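Take a look at the letters that make up each chain.
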Amino acid sequence: MSVTTSSAPLSVRDLTVAYQKKPVLRSVHVEVPEGKLIGIIGPNGAGKSTFIKAVQGLIPVASGETHIYGKPYRQQRKLVGYVPQRESVDWDFPTDALDVVLMGRYGRLGWFRRPSKTDRDYAMECLQKVGMADYASRQISQLSGGQQQRVFLARALAQEAHLYFMDEPFAGVDAATEKAIILLLNELKQQKKTVLVVHHDLQTVEEYFDWTILLNRRVIAAGPTKETFTSDNLQKTYGGRLHVLGNQVLLTSSSAKGEIEP
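Residues numbered from 1 in each chain as written. Predicted model: local features only at pLDDT ≥ 70, side-chain atom pairs only at ≥ 80, totals over all residues. Heavy atoms only, no water.

Under an unreviewed UniProt entry, the protein has the name Manganese ABC transporter ATP-binding protein and belongs to Brevibacillus reuszeri. Note on the protein: under the UniProt heading Sequence similarities (unreviewed entry), the record states "Belongs to the ABC transporter superfamily." (UniProt positions renumbered as here; feature names shortened; annotations may be inferred.)

Okay, structure coming up:
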């Protein structure tokens, strides 16, 4: 599916989410450019995962509007790919890696059409891209954490989306898998795809992302990483004590769970 509109891949206005009447996100406004790798950065409990779930309609919102390429998400869901946190997936579900990737084709097929040979071949190509073709028939419960993450990335690729949301894809993976993931993300960027990634490792933000959203219940800053990923903005985002030593950003333990006051 081609996208010819000049609208932003993602535009969010006045997004507010509350759990049991307690705001988790408050009046979030952000618009992201096309063809960028975008890091969503903030302390634990800042609402990063909530944000990417809310804009996809996976959780209820108290207020706000989300547009994907100028239209509501429900009209554009085929343009969106999603990689959830690995901990949120039932890895004991009896299915193999290829079938997981084929699930990424259902948005195009509909739930009542069986995948064709073309779909299966494309799913295998996606597994090949993430280095998992040899594990196509392996039960997902028998895969390592890094291998499971690669399979879910392959499923997202199989969706042939234009906008991707990825919730901590680097968490708990080995160095080889992390390298494979960032190579894949850069390949998507070269194809003018837009990728938003919830990320927790501040040391790699400048290396990995063109654009950064600093979030703590509200947007502290959003824009090109060189402009937004600054000591001042990090202090506002994380609170507590923060130290910058050369290229390293060091946070105190209390900062990791910092909250911005309303």
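Having seen it, we continue.
Caption draft 1: Up close: the overall build of the protein. Counting its secondary structure elements, the protein contains 10 helices and 12 strands. Counting over 262 residues, the protein shows a buried share of 51%. Total accessible area computed for the protein in this model is approximately 13,200 Å², and 47% of it derives from carbon and sulfur atoms. (Helix = DSSP H or I, 4+ residues; strand = E, 2+ residues; numbered from the N terminus. Buried < 20%, exposed > 50% of the residue type's maximum accessible area, 1.4 Å probe, protein only. Areas by Shrake-Rupley, 256 points an atom, 1.4 Å probe, with all protein chains shown as cover.)

Caption draft 2: Expanded view of the packing of aromatic side chains. Under the defined criterion, the tally for this structure stands at 2 aromatic pairs. Centroid distance Phe170 to Tyr208: 5.2 Å. Interplanar angle 35 degrees. Geometry classified as tilted. Of this pair, Phe170 sits in the loop between strand E7 (163-167) and helix H7 (175-190) while Tyr208 sits in helix H8 (residues 205-208); the two residues are 38 residues apart in sequence, bridging distant segments of the chain. The exposure class of Phe170 is buried, given its relative accessible area of 5%. When the centroid spacing of 6.2 Å and the interplanar angle of 80 degrees are considered together, the rings of Tyr208 and Phe209 count as edge-to-face. (Phe/Tyr/Trp six-rings, centres within 6.5 Å; stacked < 30°, edge-to-face > 60°.)

Caption draft 3: Seen up close, H7. The terminal C-alpha atoms of H7 lie 23 Å apart, and with 16 residues this matches the ideal 22 Å at 1.5 Å per residue to within 8%. Taken together, the buried positions of H7 are occupied by Thr177, Glu178, Ile181, Ile182, Leu184, Leu185 and Leu188. One side of H7 carries all its buried residues, which in axial view fall inside an arc of 160 degrees. Opposite the buried face of H7, at more than 90 degrees from it, the exposed residues are Ala175, Ala176, Lys179, Leu183 and Gln190. Once H7 ends, the next one or two residues include Lys192, with phi positive near 70 degrees. (Expected span 1.5 Å × (residues − 1). Arc of directions from axis to C-beta.)

Caption draft 4: Structural view of helix H5 (residues 117-129). For H5, spanning 13 residues, the distance from its first C-alpha to its last is 18 Å, which sits close to the expected 18 Å at 1.5 Å a residue. Residues of H5 that are buried: Asp119, Ala123, Cys126 and Leu127. Taken end-on, H5 shows its buried residues confined to a sector of 100 degrees, consistent with a single buried face. The exposed set on the far side of H5, more than 90 degrees from its buried face, consists of Lys117, Thr118 and Gln128. In the stretch just after H5, Gly131 is the one whose phi turns positive, near 75 degrees.

Caption draft 5: Here's a closer look at the sheet that holds strand E5 (residues 71-72). Taken together, 4 strands build an open sheet; the order of strands is E2-E1-E4-E5 and the sheet is antiparallel. Across the chains shown, the open sheet's two edge strands, defined by having one partner strand only, are strand E2 (22-32) and E5. Two strands pair when backbone bridges link them, and strand E1 (residues 10-19) and E2 are joined in this way by 7 bridges, in the antiparallel orientation. Its bridge partner being in E2, Val17 is matched across the sheet by Leu25. (Pairing = 2+ DSSP bridges.)

Caption draft 6: Layout of the side chain of Thr177. For Thr177, the position within the fold is in helix H7. On the basis of relative accessibility, which here comes to 2%, the residue Thr177 falls in the buried class. In terms of polar contacts, Thr177 uses its side chain to reach the side chain of Arg150, at 3.2 Å. Once you skip the residues sitting within four places of it in the chain, Thr177 turns out to touch Gly146 and Arg150. (Polar contact = N/O pair within 3.5 Å; in protein donor to acceptor, adjacent residues only side chain to side chain. Contact = heavy atoms within 4.5 Å.)

Caption draft 7: Local environment of the pairing of strand E6 (residues 80-83). Residue alternation in E6 divides its side chains into two sets, Val80 and Tyr82 and Gly81 and Val83, and both sets are buried. Both E6 and E7 contribute to a ladder of 4 bridges, which runs parallel. Its bridge partner being in E7, Val80 is matched across the sheet by Leu163.

Caption draft 8: Geometry of the confidence of the model for the protein. With 85% of its residues at a pLDDT of 70 or more, the protein has an overall mean of 86. Ignoring residues within four places in sequence, the model shows residues 253-262, a span with pLDDT below 50, making 21 contacts including any to other chains. (pLDDT = per-residue confidence, 0-100.)

Caption draft 9: Molecular detail of the pattern of salt bridges. In the structure shown here, the tally under the stated rule is 6 salt bridges. Across the salt bridge formed by Lys189 and Asp210, the nearest N and O atoms sit 2.8 Å from each other. With Lys189 in helix H7 and Asp210 in the loop between H8 and strand E9 (211-216), the pair connects residues that are 21 residues apart, well separated along the chain. Lys189 sits in the partly exposed class, given a relative accessible area of 27%. A relative accessible area of 24% places Asp210 in the partly exposed class. Between Asp232 and Lys236 there is a salt bridge, and its shortest N-O distance comes to 3.3 Å. With Asp232 and Lys236 both in helix H10 (residues 231-238) and 4 residues apart, the pair spans about one turn of that helix. For Asp232, a relative accessible area of 46% translates into the label partly exposed. The exposure class of Lys236 is partly exposed, given its relative accessible area of 45%. Through salt bridges with shared partners, a single ionic network connects Arg105, Asp119 and Glu160. (Salt bridge = Lys/Arg side-chain N within 4 Å of Asp/Glu carboxyl O.)

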